[in-house]
Amino acid sequence: AARLVAMVEGMGVVDVRAQGASPPPRATYCITICVLLVLLISFFLGFLLQVAVAILTIPLLFCRSGKHRFHHIQSRIWRGVNSIFAVGLNPCWCCEVWNLGDSPGPQLKNGKGSVFFINHRSNADPWFSAWAFTRSGWEGKWVYKGALKKIPFFGWSCMLAGDLSVERGDKTKIVAMIDKAKEVLNAGYNVVVFPEGTRSPSGIMQEFKPSFFNVCAELGCGAIPMIMVGTERAWPLSGLRMGCARVRIGVGDTIYPSGPEGAKELMSAVEERMLDMAHELLEASDGNVPSAEADDPYLTGRPYSYWQPPANLADLSEEEQLRLLRSGNAHQRGAHLL
């Protein structure tokens, strides 16, 4: 927590009290029904298109390296259809993609793909990140919770796209997933990871899980920082209700590990760059932070002003609360979708 506060102090902390605390996200059943209908339609249409193309391209599965090409095509269909319907054509969700670097995005080096590292605040994060990929012409394999495979059409489409499911608590399956991710990266394709491992209800950036930083260091592939701000207003963690939101996504330059032992250094560099990019996005309007974003935790180093901490944190000092929030051990998890 002290390191996070020091980092945001170095960038210039915003005085929330001077600018006014932002109101909590406004989610309504009307917007929720409209967006859910659009999502259901996109799931169904995307899956039908995937099946039709799969029938035509199934010979690829019997060719050398054809499996990756098959999943690549399926992934582009799945991600493209869903992101266009859910974000591109959605009047409730406005999204801007910013290139924050000299040459942001994946750079094919030694024939290997890259790993995208993205912050995680909302249930809507997969759709917004997919929209950034569709807009930029990129493709990747998302790491997602294995439980989502139970959702009709959605889960089937993820499997056709070759996405990487995580079965929490099953170390054997986790190791198998990481091995599959290495295979994908060695074949020249990208992997997309939410390194915090779970959504952050307080907005504080949680400690990153080291697994995929170790993969980058081992294979020598690049790590690409991507930051999203505003998604917590599109689909708050308080339940299924959704709201209107303006989301900004920043994509940075590829960061390469210093060597096989450089995972920890790489993890620190990616986290620091993500916080820097968040600061750039939130102060994009001539250096003036809109009042609705003035107390963003990426600026202040503290939770949202409207966030209510669990009862077990009430008697703890602010420093101790921040330490627990950073570790992810103090958050009340968002509502389950299943």
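Scroll up for the structure.
Residues numbered from 1 in each chain as written. Predicted model: local features only at pLDDT ≥ 70, side-chain atom pairs only at ≥ 80, totals over all residues. Heavy atoms only, no water.

Engineer: When you look at the packing of helix H7 (residues 171-186) against helix H8 (residues 211-219) in this model, what are you seeing that I'm missing?
Structural biologist: Angle between the axes and distance between the axes are the two parameters that describe a pair of packed helices. Contact pair H7 / H8: the axes reach a minimum separation of 11 Å and the direction vectors enclose 40°. Of the possible angle classes, the one that applies to H7 and H8 is oblique. For H7 against H8, the interelement crossing comes out right-handed. Contacts between H7 and H8 pair Met-177, Ile-178, Ala-181, Lys-182, Leu-185 and Asn-186 from the former with Ser-211, Phe-212, Val-215, Glu-218 and Leu-219 from the latter. Looking at the contact of H7 with H8, its residues break down into 7 nonpolar, 2 polar and 2 charged. (Axes fitted to C-alpha atoms, helices over the stretch in contact; angles between N-to-C directions. Helix = DSSP H or I, 4+ residues; strand = E, 2+ residues; numbered from the N terminus. Parallel < 35°, antiparallel > 145°, perpendicular 65-115°, else oblique. Left-handed = near helix turned anticlockwise from the far one by under 90°. Contact = heavy atoms within 4.5 Å. Nonpolar A, V, L, I, M, F, W, Y, C, P; charged D, E, K, R; others polar.)

Engineer: Hey, could you run me through the side chain of Glu-196 in this one?
Structural biologist: Assignment of secondary structure puts Glu-196 in the loop between strand S6 (191-193) and H8. Of the side chains with opposite charge, Arg-326 comes closest to the buried, unpaired Glu-196, at an N-O distance of 6.6 Å. Reaching out from Glu-196, the side chain makes a polar contact with the backbone nitrogen of His-120 at a distance of 2.8 Å. Ignoring any residue separated from it by four or fewer positions in sequence, one finds Glu-196 in contact with Asn-119, His-120, Ile-204, Met-205, Gln-206, Glu-207, Phe-208 and Lys-209. (Buried < 20%, exposed > 50% of the residue type's maximum accessible area, 1.4 Å probe, protein only. Lys, Arg positive; Asp, Glu negative; His and termini not counted. Salt bridge = Lys/Arg side-chain N within 4 Å of Asp/Glu carboxyl O. Polar contact = N/O pair within 3.5 Å; in protein donor to acceptor, adjacent residues only side chain to side chain.)

Engineer: How do you make sense of the nonpolar core when you look at a structure like this?
Structural biologist: As a rule of thumb, soluble globular proteins bury nonpolar side chains together. Ranked by internal contacts, the top residues of the largest apolar core, which has 39 residues, are Val-87, Trp-93, Trp-127, Phe-128, Met-226 and Ile-249. For this core, the leading source of residues is helix H5 (residues 125-136), giving 6 residues. Ranked by size, the runner-up nonpolar core spans 38 residues in total, among them Val-115, Phe-117, Val-193 and Phe-212. (Core = buried A, V, L, I, M, F, W, Y, C linked by side-chain atoms within 4.5 Å.)

Engineer: What is the right way to read a nonpolar patch on the surface from this model?
Structural biologist: A contiguous nonpolar surface patch, about 460 Å² in accessible area, is contributed by Tyr-29, Ile-33, Leu-37 and Leu-40. Along the chain, Leu-40 falls in helix H3 (residues 29-57). The exposure class assigned to Leu-40 is exposed, which follows from its relative accessible area of 52%. (Patch = residues over 30% accessible without salt bridge, like charges linked within 9 Å, V, L, I, M, F, W, Y side chains within 5 Å. Areas by Shrake-Rupley, 256 points an atom, 1.4 Å probe, with all protein chains shown as cover.)

Engineer: Can you help me understand the sheet that holds strand S2 (residues 93-100) in this one?
Structural biologist: Whether parallel or antiparallel, the strands of a sheet pair through hydrogen bonds between backbone atoms. Ordered in space as S2-S9-S7-S3-S6-S4-S5, the 7 strands form an open sheet in which the pairing is mixed. Two strands lie at the open edges of the sheet, namely S2 and strand S5 (164-166), each paired on one side alone. Taking each pair of neighbouring strands and ignoring which way they run, the sheet shows an average axis angle of 25°. The pairing of strand S4 (residues 141-145) with S6 spans 2 bridges and is parallel. Bridge pairing links Trp-142 to Val-192 in S6. Contacts from helix H4 (residues 66-88) reach S2 and S4 within the one sheet, and its direction differs from that of S4 by about 70°. Packed onto the sheet, H5 meets S2, strand S3 (115-118), S4, S6, strand S7 (223-229) and strand S9 (245-252) and runs at close to 55° relative to S2. (Pairing = 2+ DSSP bridges.)

Geometric values such as these leave the question of function open.
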